[in-house]
Amino acid sequence: MPNKGLDARGYIEREGSPGLIPSAFRPVVATARDRVLDVFGARLHSAYLYGSIPRGTARVGRSDLDLLLALREEPTEADRTDARSLDEALDKEFPQIDGAGTLLVGREQVLSDLERHDLGWFVACLCTPLLGEDLAEYLPRYRPDSLLARETNGDLALFLPRWRERIMEAGDSEEALRPLTRSMCRHLVRTGFTLVMPRWNGWTSDLTEMAEVFGAYYPERAVQLREVAVLGYEPKGDATVLRSYVDDLGPWLAEEYARVHGIKKPRP
């Protein structure tokens, strides 16, 4: 399959564009933009969209609205409460979206050396500017190399015990398990893809394509990751399936990742 997502010099091209936002989601984005300004005002440095909506692949009633807000100072608990209220209001008002999620970060954190190949890369390559000064102007260009692989997804082992706890807490609740399934499965597929990304030498955010790329290098796990990718798009609340991921696929993937790329630098 042809490699995608790189420019002529081999750098990862930025995903998404305001012009790609599907018409059904434009009212959601316009309202979110206005409310972000209303809620955060002068505290806001810049705001970004990411995910399927700015990539033009969002599905009405299935896709969520993903926002990243960079504040001038480090976010406070009050800021996080405001963000949750914003998300809940948008989700309730617009049936086009299946949930909303707002990430809050500080400007200095995005530009820090520690986050240069994780949060910085995320903003520069996977986020579409919505408001304010674009922090990508202060960040380097990125190649799909082992350093980027390690710093983006080299911490899967830290997530496994948290996921086990959340599965236990959810019990058999479909309502609690569905969002957990979506986030877990997307995380696992992206980790599988970035494991092989430097060898493939390309970038994609499409879960199906990520699983196919991974499977070319690890055929013994190919079917399993394809199934995970399907659940990333169409989540089902099956605790037995999720437990198999944290007991088998997840530990294997974390061990192989550490062997190939090393472990992500610890965060404070």
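As the structure is a computational prediction, the values presented were derived from the model and not from experiment.

J.: What is the right way to look at the sheet that holds strand β1 (residues 44-50) in this model?
T.: Remark on secondary structure: sheet strands pair via backbone hydrogen bonds, oriented parallel or antiparallel. Judged by pairing direction, the sheet is mixed, and its four strands sit side by side in the order β3-β2-β1-β4 without closing on themselves. Edge positions in the sheet fall to β3 (100-106) and β4 (127-132), since each of these pairs with one other strand and no more. Neighbour-to-neighbour, the strand axes of this sheet turn through a mean angle of 25 degrees, independent of strand direction. By the bridge criterion, seven bridges tie strand β2 (residues 65-71) to β3 in an arrangement that is parallel.

J.: What's the story with helix α7 (residues 156-170) in this structure? I'm lost.
T.: At 3.6 residues per turn, the α-helix brings residues three or four places apart onto the same side. The end-to-end C-alpha separation of α7 is 21 Å, in line with the 21 Å expected for 15 residues at 1.5 Å each. Listed in full, the buried residues belonging to α7 are L156, L160, W163, I167 and A170. As for α7, its buried residues are in contact with α6 (146-153), α8 (174-200) and α11 (239-261). Positive backbone phi, approximately 60 degrees, marks G171, located one or two places after α7.

J.: Would you take a moment to explain the side chain of T191 for this structure?
T.: Examined against the element boundaries, T191 turns out to sit in helix α8. Of the polar contacts made by the side chain of T191, one reaches the backbone oxygen of H187; its length is 2.8 Å.

J.: Would you take a moment to explain the packing of α7 against α11 for this structure?
T.: Helix-helix packing is described using two parameters, namely the angle between the two axes and the distance between the axes. Where α7 meets α11, the closest approach of the two axes is 10 Å, and the angle between their N-to-C directions is 165 degrees. Taken as axis vectors, α7 and α11 run roughly antiparallel relative to one another. Judged by the twist between their axes, the crossing of α7 over α11 is left-handed. Taken together, the residues of α11 that come into contact with α7 (itself represented by L156, A157, L160, W163, R164 and I167) are A239, L242, R243, V246, D247, G250, P251, L253 and A254. When grouped by side-chain class, the residues that make up the contact of α7 with α11 number 11 nonpolar, one polar and three charged.

J.: Just checking my understanding: could you explain the pairing of β2 for this structure?
T.: Working note: regular strand, side chains alternate between the two faces of the sheet. Counting buried residues along β2, seven of its seven residues qualify, which places the element largely inside the surrounding structure. Burial of the side chains of β2 extends over both faces: L65, L67, L69 and L71 are buried on one face and D66, L68 and A70 on the other. With six bridges joining them, β1 and β2 adopt antiparallel strand pairing. For Y48, the partnering residue across the bridge sits in β2 and is L68. In this fold, the crossover linking β2 to β3 by way of helix α3 (residues 77-93) has right-handed handedness.

J.: It is not clear to me how the environment of E174 should be interpreted in this structure. Could you clarify?
T.: Checked against the element boundaries, E174 lands in helix α8. Judged by relative accessible area, E174 falls into the partly exposed class, the value being 40%. Between the C-alpha atoms of E174 and K236, which are 62 residues apart in sequence, the distance is 7.4 Å. Among all residues touching E174, those that are not within four sequence positions of it are K236 and G237. Within polar-contact distance, the side chain of E174 engages the backbone nitrogen of G237 at 3.3 Å.

J.: I would appreciate a short explanation of the packing of aromatic side chains in the present structure.
T.: Two aromatic rings are characterised by how far apart their centres lie and by the angle between their planes. Tallied over the full model, the rule gives eight aromatic pairs. Aromatic pair F159 and W163: ring centres 5.8 Å apart, planes at 45 degrees, arrangement tilted. With a gap of four residues between them, F159 and W163 both fall in helix α7, about one helical turn apart. Here W163 falls in the buried class, since its relative accessible area comes to 6%. Every member of this aromatic cluster is reached through a ring pair, and the members are W121, F193, W200 and W203. The cationic tip of R143 hangs over the ring face of Y11; the distance from NZ or CZ to the ring centre is 4.1 Å.

The rules behind these values
- Residue positions are given per chain, counted from 1 along the sequence in the order it is written.
- Only residues with pLDDT of at least 70 get local features here, since the model is predicted, and only at 80 or more are side-chain atom pairs given and counted; chain-wide, interface and lining totals rely on the full set of residues.
- Values shown for side chains rest on all heavy atoms present in the structure; no hydrogens or waters enter the calculation.
- Strand pairing is assigned whenever DSSP detects at least two bridges linking the two strands.
- Numbered from the N terminus, helices here are DSSP runs of H or I no shorter than four residues, and strands are runs of E no shorter than two.
- To obtain each axis, a line is fitted to C-alpha atoms, and for helices this fit is confined to the stretch in contact; angles are then taken between N-to-C directions over 0 to 180 degrees.
- Multiplying 1.5 Å by the helix residue count minus one yields the expected span of that helix.
- Buried, partly exposed and exposed residues are distinguished by accessible area as a fraction of the type maximum, computed with a 1.4 Å probe on protein chains only: under 20%, between the cut-offs, and over 50%, respectively.
- The criterion used for residue contact is that any of the two residues' heavy atoms lie within 4.5 Å.
- The definition of a polar contact used here is a pair of N or O atoms within 3.5 Å, where within protein one atom must be able to donate a hydrogen and the other to accept one, and adjacent residues in sequence count solely through side-chain atom pairs.
- In this scheme, roughly parallel covers angles under 35 degrees and roughly antiparallel covers those over 145, while 65 to 115 is roughly perpendicular and the rest are oblique.
- For a crossing to be left-handed, the near helix must be turned anticlockwise from the far one by less than a right angle; the clockwise case is right-handed.
- Each residue is assigned to one of three groups, with Ala, Val, Leu, Ile, Met, Phe, Trp, Tyr, Cys and Pro labelled nonpolar, Asp, Glu, Lys and Arg labelled charged, and all others, Gly among them, labelled polar.
- Looking down the strands as they point away from the viewer, one classifies a crossover as right-handed if the path from the first strand across the helix to the second runs clockwise.
- Pairing of aromatic rings covers Phe, Tyr and the six-membered ring of Trp, with a centre-to-centre limit of 6.5 Å; geometry is then stacked below 30 degrees between planes, edge-to-face above 60, and tilted otherwise.
- Each ring is checked for a lysine NZ or an arginine CZ that lies within 6 Å of its centre and within 35 degrees of its normal; such an atom marks a charge sitting over the ring.

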